[in-house]
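Residue-level structural notes
Chain residues, written in single-letter form:
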Amino acid sequence: MNEKIPKKAIVIGAGIAGLSVAIRLQNEGFQVAVFETNEYPGGKLTDFSKDGYRFDMGPSLFTMPQFVEELFTISKKNIKDYFSYKKKETVCHYFYKDGTTFKALSDVNKFARSAAKTFDVDEDELVNYFQKSKKKYELTSSLFLEKSLHKLSTYFSKDTLTAVFNVNSLDINTTLHDYNADCFKDSRLVQLFDRYATYNGSSPYQTPGIMSMIPHLEQYYGTFFPKGGMHSITQSIYQLAIDLGVEFNFNSKVDKILVENKKAIGISTDTKDYFAEYVISNSDVVPTYRTLLKDQKSPEKTLQQPRSSSALIFYWGIKKEFPSLDLHNIFFSDNYKQEFDYIFTKQEVYKDPTVYVNISSKENKSDAPKDCENWFVMVNVPSNTGQDWDTIIKNVREDVIKKISDSLKIDLEDLIEFETVLDPRLIESNTNSYQGALYGASSNNKFAAFLRHPNFSQQISNLYFCGGSVHPGGGIPLCLLSGKIVSELIFKNT
């Protein structure tokens, strides 16, 4: 009896979405080969070590671990053999310029009780806010996050009809800021909930109120710290893919996606051509068209959408321990709206910006030398359109050091013994992310979910797309889901 010849699939890019789709296809009997320009997997979700310090380079917040767990479940592997994590009791620690501090606890009721003591708000108002956030997520998650929005079959479902009938409760016709300002009268609390717009690289003054579902993901599902740091997510999934038989080709730059009779048939590298029944690009959708498909018609309206924000990150080795500081810290600026106006309109960086600090050595002592800490210090900035980043870095560094020093009553400059910087130019060159945007196109539009590039080509058969620049968006959970959506589309096509 002849054995069935497995179908081949090529994945361009070993980012978290590319790993996700590779694992799913390999589990279904496909022969999967991944081609990655860099010498390592993970894309933005990687790390580096220097002078005794280890830093996670990219995402520093781990939520919705069920999407990672699912990959091991479908692979019939014990996740404990690869990966472990623990739930955090504190989500963030907020510092305001007026001296207010607030520890955001992961438990909804504890959060509400604590916030009622700190801000001008009743516990019931906060609990009600989270209940509405939960309802928005439950009404829309299966439609906007788990299925292709660009397939007609998606709209012929009970979930879609339910969402349509409850459209008024989704707050899509107001901005996130206006929604939050209607819910709370304390401007500090409004800023706290406004910041969730940055989770998809958008402005709370432009993105729709439906984004108020994001706090539900933190408060209901929780936030977690992976043993070994965020990079261990990449390492564990990569090892799973290897154990399943996925083939990886690192330092392998793809030059072209081969198309014949409007059908993807493989790829071309600098050494040879590779052929497969299916091609999946985990590369940013803009350079995919501009470079890999430059002789094909491109969806210009989609590709020219405004980009999401990028990031300016300082990796600091701090020669002191601060036992009282939590793992995540937010320092708010006073002029929050002006900051976002600069990011999305003036393409500059506002003086006195919001600063996000992550200290993974609080949990992973080996991430820093004894009695020291590793600080991941991030500021939201515009995508790269040719700004004078060297001057911006110098000015922002001064502002950030002053802000943190004033908030913590320390002389931070004297405590920095190691430093390196990641800016939008490097993000663009290291990860092939167009303009260094972290989430592809911005979501500063109530139709943004429908305007994102679909997970498949509408012109070329057997060509698919996954990752943060396409549906459903950026961030670890959504990238994992994009890999799942692509695999399900391919399964339906086989």
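For the structure itself, consult the block above.
Notes on the structure in this doc start here. (Residues numbered from 1 in each chain as written. Predicted model: local features only at pLDDT ≥ 70, side-chain atom pairs only at ≥ 80, totals over all residues. Heavy atoms only, no water.)

Observations concerning the packing of helix α2 (residues 66-74) against helix α9 (residues 231-244)
What counts is decided by this rule: All axes are obtained by fitting lines to C-alpha atoms, using only the stretch in contact for helices, and the reported angles, taken between N-to-C directions, cover 0 to 180 degrees. Strands here mean DSSP runs of E at least two residues long; helices mean DSSP runs of H or I at least four residues long; both are numbered from the N terminus. Note on terminology: angles under 35 degrees are roughly parallel, angles over 145 are roughly antiparallel, angles of 65 to 115 are roughly perpendicular, and the others are oblique. Left-handed is the label given to a crossing in which the near helix is rotated counterclockwise from the far helix by less than a right angle, and right-handed is the label when the rotation is clockwise. Contacts: residue pairs with any heavy atoms within 4.5 Å of one another.
At a closest axis distance of 11 Å, the pairing of α2 and α9 adopts a crossing angle of 20°. Judged on the interaxial angle alone, α9 and α2 are roughly parallel. α2 and α9 meet at a crossing whose hand is left-handed. In this structure, α2 contributes V68, L71 and F72 to the contact, and α9 contributes I233, S236, I237 and L240.

Some remarks on the nonpolar core
What counts here: In this description, a nonpolar core means a group of buried Ala, Val, Leu, Ile, Met, Phe, Trp, Tyr and Cys residues linked to one another through side-chain atoms lying within 4.5 Å. Any residue under 20% of the maximum accessible area for its type is buried, any over 50% is exposed, and the rest in between are partly exposed; the area is computed with a 1.4 Å probe on protein chains only.
With 100 residues, the main nonpolar core has Y94, L192, F193, I233 and I280 as its most contacted residues. Ranked by residues supplied to this core, first place goes to helix α16 (residues 476-493) with nine residues. Counting residues in hydrophobic clusters, the runner-up holds 28 residues, among them F322, V377, V400 and I401.

Thoughts on the pairing of strand β9 (residues 223-226)
Here is the key point about a regular strand: its side chains alternate between the two faces of the sheet. Operational definition: Any two strands are treated as partners once DSSP identifies two or more bridges connecting them.
Every second residue of β9 is oriented toward a common face, with T223 and F225 on one face and F224 and P226 on the other, all of them buried. For strand β5 (residues 62-63) and β9, the ladder comprises two bridges, and the chain directions are antiparallel. In the sheet register, T63 faces β9, and the bridge partner there is T223. Bridge count for strand β6 (residues 85-87) against β9 is three bridges, and the pairing is antiparallel. Bridge pairing in β9 links K86 to F225.

Observations concerning the sheet that holds β9
The three strands are arranged β5-β9-β6 in an open sheet whose pairing can be described as antiparallel. On the outer flanks of this sheet lie β5 and β6, each paired with one strand and no other.

None of the figures reported here should be taken as evidence of function without further support.
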